Amino acid sequence: MEWSKKKLGFGCMRLPLLENGDVDATLFSKMVDLFMERGFTYFDTAHGYVSGKSEPALKACLTSRYPRESYTITDKLSTHHFQSQEEIRPLFESQLAAVGVDYLDFYLMHAQDRNIFEKFKQCHAYETALQLKEERWARSSPPVVLA
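The structure reproduced in this document is the subject of the present report. All residue numbers refer to positions counted from 1 along the written sequence of the respective chain. Reporting of local features is limited, given that this is a predicted model, to residues whose pLDDT is at least 70; pairs of side-chain atoms are given and counted only at 80 or more, and all residues count toward the totals for whole chains, interfaces and linings. The side-chain figures draw on all heavy atoms in the structure; neither hydrogens nor water molecules are used.

1. A word on the overall build of the chain
Under the scheme used here, helices are H or I runs from DSSP no shorter than 4 residues and strands are E runs no shorter than 2 residues, and both carry numbers assigned from the N terminus. Across its full length, the chain holds six helices and five strands. Starting at the N terminus and ending at the C terminus, the chain contains elements arranged as α-β-α-β-α-β-α-β-α-α-β. In the chain, buried positions account for 43% of the 147 residues. As displayed, the chain offers around 8300 Å² of accessible surface, 55% of which is attributable to carbon and sulfur atoms. Relative accessibility decides the category of a residue: with a 1.4 Å probe and only protein chains considered, values under 20% of the type maximum give buried, values over 50% give exposed, and everything between is partly exposed. Methods summary: accessible areas were calculated by the Shrake-Rupley approach with a probe of 1.4 Å, and residue burial reflects only the protein chains presented.

What follows is the structure, encoded as structure tokens:
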């Protein structure tokens, strides 16, 4: 059973919502607490998840409540959030701020297909992500994952 704790992540694409469409922070915090209490530590989000509310919900319910070394965060570079190389760095910085961390453990190149791959190449997204890795992750050197 111990091996499974290292292989299970908390996906934040869908979160509990209140009637007004906001994330139910009370319930989400309880979910995070239970997940962490059981020894799990991996959380996955993206800029567009829950109509842009997933990253701030993680800040409110996880990163502002637990020490940074106690969890792993994955976020994603999604093609519909940038149109040029110049927009990637500000997007990345806004993601860090929204999640409430200084670095991400993994930054995925999201939803790759032929067209998205071409856009990422044209916008030098891969090179930019590697630059961000060198600049932001020098202390712990988490990987950039091309997925």
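Let us keep going from here.
2. Some remarks on helix H5 (residues 114–122)
Three or more residues of H5 are buried, namely Ile 116, Lys 119 and Phe 120. For H5, the arc enclosing every buried residue in end-on projection is 100 degrees, short of the 170-degree limit, so these residues lie on one face. The outward face of H5, more than 90 degrees from its buried face, is lined by the exposed residues Arg 114, Asn 115 and Gln 122. On its buried side, H5 packs onto strand E3 (72–77), strand E4 (106–109) and helix H6 (125–136). Nitrogen and oxygen atoms within 3.5 Å of one another constitute a polar contact, given that in protein one can donate a hydrogen and the other can accept it, and given that sequence-neighbouring residues count only through two side-chain atoms. Two to three positions downstream of the cap, the backbone nitrogen of Asn 115 sits 3.1 Å from a side-chain oxygen, assigning the N-cap of H5 to Asp 113. One or two positions beyond H5, positive phi appears at His 124, with a value near 55 degrees. What the arc describes is the spread of directions from the helix axis to the C-beta atoms. Any two residues having at least one pair of non-hydrogen atoms within 4.5 Å are treated as being in contact.

3. Focus: H6
Between the first and last residue of a helix there are one fewer steps than residues, each counted as 1.5 Å, and that sum is the expected span. A rise of 1.5 Å per residue sets the reference length of H6, with its twelve residues, at 16 Å; its end C-alpha atoms lie 16 Å apart and thus fit the reference within 8%. Ala 125, Tyr 126, Thr 128, Ala 129 and Leu 132 are the residues of H6 that are buried. For H6, the angular spread of the buried residues around the axis is 165 degrees, confining them to a single face.

Nothing here speaks to function; it is all geometry.
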